[in-house]
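Here is what each chain is made of, one letter per residue.
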Amino acid sequence: MKILWRFLILLILIGAWYVGDIDKRYNINFRCPNPEDIRIFNQDTTSDARLLYQTYFGQKRFRFPRDSVAEMAVVKNIPFVSGLTKRQLSSASQKALIQFLNNPDNFTWENNVMLYSQSDYMVYCYDKRQQLIGKLWLCRACASLKTKPFTPNIKFGRLKKDLLPVLLKILQIER
């Protein structure tokens, strides 16, 4: 009977760890300083998304991640062990990444069909109070990314093919 109870407790602990890990990797709810601005980009209300996105390119209120970044961490998107792969980005890499992501010339207008679960890496952005202020999911195979909060600067999230190595170098990820 003791073995059964130990097995059940172990199973519950593993299940809780798994649920916590999934929540951390895919939960996209966090504080956004101007959530009402995002309604502008609701595709149901726009006829030409490209024109709308171009209108807001470079505007400070839509820059990723909207707030000052104190720390960025890169993790591999691997169930159960993603937290063990956490690596801090240097301040130079953080600045380069923010500059890269907020430059619309680095992205194409191709549709992005990447699912969050297809990403190879995730980048967490924290403010000086250690609150999560942004997330980025990157898929190397499809040269796509998704960000929360949304920014029109990445268009639909497809990188220009020749710029994927540049992004990987900024993130210090091997190809």
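Small disclaimer: the values here were computed from a predicted structure and weren't measured.

Reading guide: rules and limits
- Residues numbered from 1 in each chain as written.
- Predicted model: local features only at pLDDT ≥ 70, side-chain atom pairs only at ≥ 80, totals over all residues.
- Heavy atoms only, no water.
- Helix = DSSP H or I, 4+ residues; strand = E, 2+ residues; numbered from the N terminus.
- Contact = heavy atoms within 4.5 Å.
- Areas by Shrake-Rupley, 256 points an atom, 1.4 Å probe, with all protein chains shown as cover.
- Buried < 20%, exposed > 50% of the residue type's maximum accessible area, 1.4 Å probe, protein only.
- Pairing = 2+ DSSP bridges.
- Polar contact = N/O pair within 3.5 Å; in protein donor to acceptor, adjacent residues only side chain to side chain.

Chemist: Give a detailed account of the overall build of the protein chain, specifying residues and quantitative values.
Modeler: The secondary structure content of the protein chain amounts to 4 helices and 7 strands. Reading the secondary structure of the protein chain in the N-to-C direction produces α-α-β-β-α-β-β-β-β-β-α. Long-range contacts, defined here as pairs at least 24 residues apart, represent 69% of the contacts in the protein chain between residues at least 6 apart. Surface summary for the protein chain: the accessible area is close to 10300 Å², and the carbon and sulfur share equals 57%.

Chemist: Outline the pairing of strand S4 (residues 121-126), supporting the account with residue identities and numerical values.
Modeler: Buried residues dominate S4, accounting for 6 of its 6 residues. The two faces of S4 match: Tyr121, Val123 and Cys125 on one face and Met122, Tyr124 and Tyr126 on the other face are all buried. In this structure, strand S1 (residues 71-76) lies alongside S4, joined through 6 bridges in antiparallel fashion. When the sheet's bridge partners are listed, Val75 is paired in S4 with Met122. Taken together, the 6 bridges between S4 and strand S5 (residues 132-139) define a ladder with antiparallel strand orientation. Paired with Tyr126 across the bridge in S5 is Leu132. Here S4 hands over to S5 after 5 residues, with Gln130 in that stretch at a positive phi of 65°.

Chemist: Pulling in residues and values, what's your account of the pairing of S5?
Modeler: With 7 of its 8 residues buried, S5 lies for the most part within the structure. Sheet topology places S5 next to strand S6 (residues 144-148); 5 bridges connect them, and they run antiparallel. The partner of Lys135 across the bridge, within S6, is Lys148. Where S5 hands over to S6, the hairpin turn is made up of 4 residues, of which Ala143 adopts a positive phi near 50°.

Chemist: Which residues make up the environment of Thr147, and what values go with them?
Modeler: Along the chain, Thr147 falls in strand S6. In this structure Thr147 comes out as buried when scored by relative accessible area, which is 6%. Residues Thr147 and Trp137 lie 10 residues apart in sequence; the distance between their C-alpha atoms is 6.5 Å. Those residues in contact with Thr147, other than ones at most four positions away along the chain, are Phe64, Lys135, Leu136 and Ile154. In terms of polar contacts, Thr147 uses its side chain to reach the backbone carbonyl oxygen of Pro149, at 3.3 Å.

Chemist: Any chance you could break down unusual backbone geometry for me, citing the residues and the numbers?
Modeler: The omega torsion across Phe64 and Pro65 is 0°, close enough to zero to call that bond cis. Of note, the amide linkage connecting Lys148 to Pro149 takes the cis form, showing an omega dihedral of 5°. Here the phi dihedral of Arg66 falls at roughly 80°; this positive angle occurs in a residue that is not glycine. Position of Arg66 relative to the elements: it lies in the loop between helix H2 (49-56) and S1. In this structure, Ala143 is a non-glycine residue whose phi angle is positive, near 50°. Mapping Ala143 onto the fold places it in the loop between S5 and S6.

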